[in-house]
Amino acid sequence: MSATVFDKALELRNVADGAETATASETGIAFDVRFAPTIMWELFVTAIDAVSTDETYVFTLEVSDLVGGTYTEIAKHVWPRGKGVGRVGIPINGSVAAFQDTDSDWVRVTATLGGTTPSITYGSFLSKDANHVGAGVDVGDAVIWP
């Protein structure tokens, strides 16, 4: 498992908010993601319902030019119900956000839940990953090869 640096200002969803039982979008955070080098979108699940065997859990990372504006998906991750709890880091590059929304200044996570009894407790944040390939775009940026 890779190491990450947690910055509260880049938290998209606090795991302490509890379980989601229906599709929900979090409030966007101010972050100029379109200028970011490769960063990680971290998702971690601490509880998941898979009892009915038809539950679905799809997470999307979305950007907008306004906190209450129209959000555009820049990344998607399907959490397999049989996976159970765990963590995954998804690489994101600012150029994708800039391509999808040239003036995006806000980023949020949406959990789309389906099935008979969906319930998931999760957290999400953006992070500079410490153990994967990075982009050295400024003096002092480290490029770490596996």
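Predicted model, so just to flag it, every value in this text is computed and none were measured. (Residues numbered from 1 in each chain as written. Predicted model: local features only at pLDDT ≥ 70, side-chain atom pairs only at ≥ 80, totals over all residues. Heavy atoms only, no water.)

(A) Focus on the nonpolar core. Core analysis: the biggest nonpolar cluster contains 26 residues, and Leu12, Trp41, Phe59, Leu61, Ile92, Tyr122 and Leu126 have the highest contact counts within it. Mapped onto this core, the elements with two or more residues apiece are strand E5 (39-48), strand E6 (56-64), strand E7 (72-78), strand E8 (86-92), strand E9 (106-114) and strand E10 (120-127). Leave out the neighbours within four places in its chain, and isoleucine 92 touches Pro37, Thr38, Ile39, Trp41, Leu61, Ile74 and Ala75. (Core = buried A, V, L, I, M, F, W, Y, C linked by side-chain atoms within 4.5 Å. Buried < 20%, exposed > 50% of the residue type's maximum accessible area, 1.4 Å probe, protein only. Helix = DSSP H or I, 4+ residues; strand = E, 2+ residues; numbered from the N terminus. Contact = heavy atoms within 4.5 Å.)

(B) Up close: the side chain of threonine 121. Note on placement: threonine 121 falls in strand E10. In this structure threonine 121 comes out as buried when scored by relative accessible area, which is 15%. Sequence-distant contacts of threonine 121, defined by excluding residues within four places in its chain, comprise Val15, Gly18, Ala19, Phe44, Val45, Thr46 and Ala47.

(C) Main features of the environment of leucine 113. Along the chain, leucine 113 turns up in strand E9. Under the relative-accessibility criterion, leucine 113 is labelled buried at 12%. Distance in space between the C-alpha atoms of leucine 113 and glutamate 55 is 7.2 Å, their sequence separation being 58 residues. What leucine 113 contacts, discounting residues up to four positions off in sequence, is Glu20, Thr21, Ala22, Thr23, Thr56, Tyr57, Pro118, Ser119 and Ile120.

(D) Representation of the pattern of salt bridges in the model. Here the structure, examined in full by the defined rule, presents seven salt bridges. For aspartate 105, the salt bridge is made with arginine 34, and the minimal N-O distance between the two is 2.5 Å. Placement of the pair is aspartate 105 in the loop between helix H1 (94-100) and E9 and arginine 34 in the loop between strand E4 (29-30) and E5, with a sequence separation of 71 residues. Overall, aspartate 105 belongs to the partly exposed group, its relative accessible area being 26%. Owing to a relative accessible area of 18%, arginine 34 belongs among the buried residues under this scheme. (Salt bridge = Lys/Arg side-chain N within 4 Å of Asp/Glu carboxyl O.)

(E) A look at the confidence of the model for the protein. A residue-level look at the protein finds 86% of positions with pLDDT of 70 or above and a mean pLDDT of 87. Within the protein, no element has a lower average pLDDT than H1, which sits at 90, and none a higher one than strand E3 (residues 24-25), at 98. Counted against residues more than four places away or in other chains, residues 142-146, with its pLDDT under 50, gives nine contacts. (pLDDT = per-residue confidence, 0-100.)

(F) Region of the structure containing the packing of aromatic side chains. Applying the stated rule across the entire model yields three aromatic pairs. Judged by centre distance (5.1 Å) and plane angle (90 degrees), the rings of phenylalanine 6 and phenylalanine 125 are edge-to-face. Of this pair, phenylalanine 6 sits in the segment before strand E1 (11-13) while phenylalanine 125 sits in strand E10, placing them 119 residues apart in sequence. For phenylalanine 125, a relative accessible area of 7% puts it in the buried group. Directly above the aromatic system of tyrosine 122 lies the positively charged group of arginine 13, at a separation of 4.6 Å from the ring centroid. Its guanidinium or amino end placed over the ring of tyrosine 71, arginine 108 lies 3.9 Å from that ring's centre, counting from NZ or CZ. (Phe/Tyr/Trp six-rings, centres within 6.5 Å; stacked < 30°, edge-to-face > 60°. Lys NZ or Arg CZ within 6 Å of the ring centre and 35° of its normal.)

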